[in-house]
Amino acid sequence: MPKGITRELIVAAALDVLDDGGIDAVTVRAVATRLGVKAPALYWHVAGKQELLDEMGTEIQRRVQAVVTVEHAQDWADGLAGYARALRAEYLRHRDGARTFSGTRLTDPAILRAQEPWLEQWTAQGMALADVLDAAETVTAFVVGAVIEEQERAQSAASDPTRYAVEARDAALEGAPLVVEAGHDRGSADERFERQLRIVLAGVRAVAAD
């Protein structure tokens, strides 16, 4: 095994590559170059790009768990809200974050085991385990979709500042005042996220109480 190369260093370098060039730039060869070694040196730790992405996604989940602990979530909805905010924050810290990390496989069993106290607490509050899992998956899907849209729009606007200009849109929508109004500023990305998260959680509450 090459000395000095660890999974932690590989993941840190991979995140740097991601931030510089986006998901398409993340390859074992690019990460090896960032570390100043040849690609074969990394194959002791990761078999290929998918395993590299899995390690990166695992690190993101590790950071989320460090922020949101079960002690913060006496109410299951508050716990899910905290998880949603922490997950969004981690995804937004990295270019193409939501696209890169969603769907990755957790490689550290300790992260999976850390879910046990959450599940114990929420099922003790009267929720069926299946409802807990559906709620968590629904909130996760909402965060992934919201962040992908947020990041893609920001990157598109950075390359073409006129892409989302409301003036041109308004001019093409004469006779549709509600559509025009809908296209205008509805608050910051943070404000929209919080409003929509409340809607998602209200739906989850309604189903859980049914």
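Everything numeric here is computed off the predicted structure, so don't read it as measured data.

### With respect to the overall build of the protein chain
Within the protein chain one finds 11 helices and 0 strands. Secondary structure elements in the protein chain, listed N-terminal to C-terminal, are α-α-α-α-α-α-α-α-α-α-α. Principal-axis analysis of the C-alpha atoms places the extent of the protein chain at approximately 65 × 50 × 20 Å. Within the protein chain, counting contacts between residues at least 6 apart in sequence, those at least 24 apart form 70% of the total.

### A closer look at the packing of aromatic side chains
Any aromatic ring pair is given by two values, namely how distant the centres are and how the planes are angled relative to each other. As enumerated under the stated definition, the model contains 3 aromatic pairs in all. Summarising the aromatic geometry, the rings of Trp118 and Trp122 are spaced 5.3 Å apart at their centres and angled 75° between planes, so their arrangement reads as edge-to-face. Linking Trp118 with Trp122, this pair stays in helix α7 (residues 116-124), spanning 4 residues, or about one helical turn. The residues Trp118 and Trp122 share a single accessibility class, namely buried. Each ring, one from Phe142 and one from Phe193, has its centre 5.3 Å from the other, and the planes form 25°; the classification is stacked. With Phe142 in helix α8 (residues 129-159) and Phe193 in helix α11 (residues 189-209), this pair connects stretches of sequence that are 51 residues apart. Phe193 matches Phe142 in its accessibility class, with the two residues each being buried. The positively charged end of Arg88 is found above the aromatic ring belonging to Phe193, 4.7 Å away from the centroid. Lying over the aromatic face of Tyr164, Arg153 brings its terminal NZ or CZ to 4.0 Å of the ring centre.

### What to know about unusual backbone geometry
We note that Asp96 has phi near 55°; this positive angle belongs to a residue other than glycine. Checked against the element boundaries, Asp96 lands in the loop between α4 (76-92) and α5 (97-101).

### A few points about the environment of Ala30
Among the secondary structure elements, Ala30 is positioned in helix α2 (residues 28-35). Along the chain, Ala30 and Ala13 lie 17 residues apart, while their C-alpha atoms are 9.1 Å from each other. With near-sequence residues (within four places) excluded, Ala30 lies in contact with Val17 and Ala25.

### Looking at the nonpolar core
Within the largest apolar cluster, 51 residues are counted, with the highest numbers of intra-cluster contacts made by Val31, Leu42, Met56, Tyr91, Val139 and Val143. Of all elements in the fold, only α1 (7-21), α2, α3 (49-67), α4, α5, α7, α8 and α11 reach the threshold of two or more residues within this core. Element by element, the count of residues in this core is highest for α4, at 9 residues. Those residues in contact with Val31 that lie beyond four places of it in its chain are Ile10, Ala13, Ala14, Val17, Leu42 and Leu52.

Thresholds, definitions, all that
- Residues numbered from 1 in each chain as written.
- Predicted model: local features only at pLDDT ≥ 70, side-chain atom pairs only at ≥ 80, totals over all residues.
- Heavy atoms only, no water.
- Helix = DSSP H or I, 4+ residues; strand = E, 2+ residues; numbered from the N terminus.
- Contact = heavy atoms within 4.5 Å.
- Phe/Tyr/Trp six-rings, centres within 6.5 Å; stacked < 30°, edge-to-face > 60°.
- Buried < 20%, exposed > 50% of the residue type's maximum accessible area, 1.4 Å probe, protein only.
- Lys NZ or Arg CZ within 6 Å of the ring centre and 35° of its normal.
- Core = buried A, V, L, I, M, F, W, Y, C linked by side-chain atoms within 4.5 Å.

Nothing here speaks to function; it is all geometry.
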